[in-house]
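Take a look at the letters that make up each chain.
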Amino acid sequence: MGGEEEETQKLKKIAASSYDYENDPKWSDYWSNILIPPHLSSRSDVVDHYKRKFYKRYIDPDLIVEPMPTSSSSQSTRPPSGPTSSTPNGQARQQRTSGPTTRTTGTSSATSSAPTSLRLDQQTINFSVNAWVFVVAVLAVFPLVPRSLSDRAYKLALIGTACSSLYSLYSSYGKPRAWNLQAVQVWFQSVIATKDFIYFVYCLPFVTSQLTLKFALLPVMCRSVEQIAKFLRSKFSHSSLYRKYLEEPCVWVESNTATLGILSSQAEIGIGFLLIISLVSWQRNIIQTFVYWQLLKLMYHVPVTGSYHQSVWARIGKTVIPLVHRYAPFLDSPISAVQRWWLR
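Residues numbered from 1 in each chain as written. Predicted model: local features only at pLDDT ≥ 70, side-chain atom pairs only at ≥ 80, totals over all residues. Heavy atoms only, no water.

The protein carries the name Proline-rich receptor-like protein kinase PERK8-like in an unreviewed UniProt entry, which gives Heracleum sosnowskyi as its organism.

### Examining the packing of aromatic side chains
Two aromatic rings, taken as a pair, are described by how far apart their centres are and by the angle between their planes. Applicable threshold: What counts as a ring pair is set by centres within 6.5 Å for rings of Phe, Tyr and Trp (its six-membered ring), and what kind of pair is set by the plane angle: stacked under 30 degrees, edge-to-face over 60, tilted for all other angles. Only Lys NZ and Arg CZ are tested; either one counts as a charge over a ring when it is within 6 Å of the ring centre and within 35 degrees of the ring normal.
Taken as a whole and judged by the stated rule, the model has 15 aromatic pairs. Ring-pair connections join several aromatic residues into one group, and the members of that group are F273, W293, Y300, W313, W341 and W342. Directly above the aromatic system of Y199 lies the positively charged group of R223, at a separation of 5.8 Å from the ring centroid.

### Thoughts on the packing of helix α8 (residues 195–208) against helix α9 (residues 217–235)
In plain terms, the rule: Every axis corresponds to a line fitted to the C-alpha atoms, with the helix fit spanning only the stretch in contact, and the corresponding angles, defined between N-to-C directions, vary from 0 to 180 degrees. The helix and strand labels rest on DSSP assignments: H or I over at least four residues marks a helix, E over at least two residues marks a strand, and numbering proceeds from the N terminus. Each crossing gets its hand from how the near helix is turned against the far one by less than a right angle, where anticlockwise is left-handed and clockwise is right-handed. Throughout, a contact is declared for two residues whenever any of their heavy atoms are within 4.5 Å. Three classes are used: nonpolar for Ala, Val, Leu, Ile, Met, Phe, Trp, Tyr, Cys and Pro, charged for Asp, Glu, Lys and Arg, and polar for all others, with Gly counted as polar.
Taken N-terminus to C-terminus, the directions of α8 and α9 make an angle of 145°; their axes are 11 Å apart at the nearest point. In this structure, the crossing between α8 and α9 has a hand that is left-handed. Each of K195, D196, Y199, Y202 and C203 in α8 lies in contact with α9, whose residues at this interface are P219, V220, R223 and E226. Each residue belonging to the contact of α8 with α9 can be placed in one class, and the counts come to 5 nonpolar, no polar and 4 charged.

### So, the pattern of salt bridges
Condition: The salt bridge criterion pairs a side-chain nitrogen of Lys or Arg with a carboxyl oxygen of Asp or Glu, the two atoms within 4 Å. Burial here depends on accessible area, computed with a 1.4 Å probe over protein chains only, as a share of the maximum for the residue type. Under 20% is buried, over 50% is exposed, and the range in between is partly exposed.
According to the stated counting rule, one finds 5 salt bridges in the structure shown. One salt bridge connects D151 with R147, and the closest N-O pair in it is separated by 3.2 Å. Here D151 and its partner R147 are both found in helix α6 (residues 147–173), 4 residues apart, which amounts to about one turn of the helix. Take R147: its relative accessible area is 63%, and that puts it in the exposed class. Across the salt bridge formed by R223 and D196, the nearest N and O atoms sit 3.2 Å from each other. Remark: D196 occurs in helix α8 and R223 occurs in helix α9; sequence separation between them is 27 residues. Both residues of the pair, R223 and D196, belong to the buried class. Salt bridges here are not isolated pairs; linked through shared partners, they connect R147, D151 and K214.

Okay, here's the thing in structure tokens:
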């Protein structure tokens, strides 16, 4: 029986390793919600471990996932090869031998603790910026705030989100290996499908535009709330203050990430149509509208946001296409041409 169980688990591990994770939108959401340091997220053994955990959770609950080995457990202390003398000279030799070892251990522990403190600093900085963005965004949409202060808070919330996204990109992917076309292109291909890059590009047109759309802050606020809840649950889960006041809203946010994603996608698509309507006003900006619709097309195709946008566009199509066929059949050809460009 033990041999059959071992063989079954071996086949399950092979199936888990051959699963197409990249085309599964749930894997993108699962991986983006895992808090691990950047220097570990690039290791293949760490990624494979979380892929097996994902496969066990969503595909095959019977898969046994072994705990990930730590590097510290692989280091062992070598016993002395010779007998230990009980004489004072032997004790002196033992002290001289253990002296450098102690210093080396202290050095290695200090070295190993340095990445931890650096990692905490990066997460704290990102949390601080996102908390500041959320407060400023709430100030921008609050109806009783004066117009000048509200407009300034609107710009600051977008700038803060762009800076936070750029900082996250730099923390996770660094910079290009060299400043030539090939290296920049390789680096760009690695970041273009990430949520941080999408939100960085999302904020730029609104920061540079004279048109003020407070509705554009809704996706920004959803992103900030997700980042804040993730940080609080990972760092303050044992705090009595957190458990009393913040645990319930943080748990709700983490359990409703799909709802927030759909809400953000609906707002992003609605903003696209508002920009088209603004083309007939004196605040029109053709370049901003073109860039934003290119970004919407990217959001439709990349896995991290594609499932939400495809769901919203499918509902729009079910509502609009029958009305076009019935009342405006002359629009069938233009709509077909736009669909071909959109799906290309």
